[in-house]
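Reading the structure
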Amino acid sequence: MGWNDWIRTAEVEPSIYAADFSRLGEQLGVLVRAGVRVFHYDVGDGHFVEPITIGPIVLQSISKLIHDGGAFVDCHLMTETPQKHFAAVAEAGGDSVTVHYEACPDLASVVSAAREQQLQIGLAFKPATSAAEAAGAALKSKVDLVLCMSIEPGYSGQAFMPEALDRIRTLRSVLPPNMPVQVDGGIGPENVRAVYEAGARLFVAGTSIFGREDLPRAYRRLVQELS
């Protein structure tokens, strides 16, 4: 199975980085029961991005809960030399890894390393990187998805960059239909529809879900904007 099996029409991915870690299992269980299909799991190494976030140890503690609910874990590796972490991510229960174009001078070998671990793999790029350049690298390396950052990677809670809409349109015009576009950063009910209409089908949402008291309601509100 892979991304084209996981995606229904479109998927809102709650970003675990924004969760209340004192209630992490409880919050994830609530969202699984609300119908979440894919959870987004951010890994920051303190080098490629400033913050050190969460890693395979936390992933190992929650992946069974997620999988038992019929959902998947999409790991966004905001790290240098991300391939060093693939085996640990796979062993901890990750289903897909997304690496950054800017961190992978030899992208082909990185993709090959992910395939060896039976992981799906996506390619992310920062706002300053050309969408056309990232799309070309994605096509050449045959990744499974492309992640357009609509904020600077690293910190949750940033505002959506409106110029990301043009980058999404560029990606959608270049990439084949079966290669989904994912968007991460500042996604909420006020903009998710516009992002969908620009061509995205995967929507990473942190604060707009975990920052609300009623998590299922916040998740469903985003889903409803896409219907």
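Let us look at the structure shown here. (Residues numbered from 1 in each chain as written. Predicted model: local features only at pLDDT ≥ 70, side-chain atom pairs only at ≥ 80, totals over all residues. Heavy atoms only, no water.)

**A few points about the pattern of salt bridges**
Any two side chains of opposite charge can pair, so long as their charged atoms come close to each other. Rules: When a carboxyl oxygen of Asp or Glu lies within 4 Å of a side-chain nitrogen of Lys or Arg, that pair is called a salt bridge.
Per the stated rule, a full pass over the model turns up 7 salt bridges. Each of Asp20, Arg23 and Glu26 takes part in salt bridges that share partners, so that together they form one network.

**Re helix 2 (residues 24-33)**
Applied cut-off: Buried residues are those whose accessible area, probed at 1.4 Å on protein chains only, stays under 20% of the maximum for their type, while exposed residues exceed 50% and partly exposed ones sit between those limits. Only runs of H or I of at least four residues qualify as helices and only runs of E of at least two qualify as strands under DSSP, and these elements are numbered from the N terminus. When checking whether two residues touch, look at their non-hydrogen atoms; a contact exists if any pair is within 4.5 Å.
Those residues of helix 2 not exposed but buried are Leu24, Gln27, Leu28, Gly29, Leu31 and Val32. Its buried side turned inward, helix 2 meets strand 1 (11-14), strand 2 (38-44), helix 3 (56-68), helix 9 (207-210) and helix 10 (215-225). Gly35 sits one or two residues past helix 2 and shows a positive phi near 110°.

**Notes on the packing of aromatic side chains**
To be explicit about the condition: Two rings belonging to Phe, Tyr or Trp (six-membered ring only in the last case) form a pair when the distance between their centres is within 6.5 Å. Interplanar angles under 30 degrees mark stacking, angles over 60 mark edge-to-face geometry, and anything in between is tilted. Charge-over-ring contacts are defined here by two conditions on Lys NZ or Arg CZ: a distance within 6 Å of the ring centre and an angle within 35 degrees of the ring normal.
Summed over the entire model, instances satisfying the criterion amount to 3 aromatic pairs. Judged by centre distance (4.5 Å) and plane angle (15°), the ring pair of Trp6 and Phe72 falls under stacked. You can see Trp6 sitting in helix 1 (residues 3-6) and its partner Phe72 sitting in strand 3 (residues 72-78), a full 66 residues away along the chain. Here Trp6 matches Phe72 in class, with each residue buried. Site record: aromatic cluster; members linked through ring pairs are Trp3, Trp6 and Phe72. The positively charged end of Lys126 is found above the aromatic ring belonging to Phe48, 4.4 Å away from the centroid.

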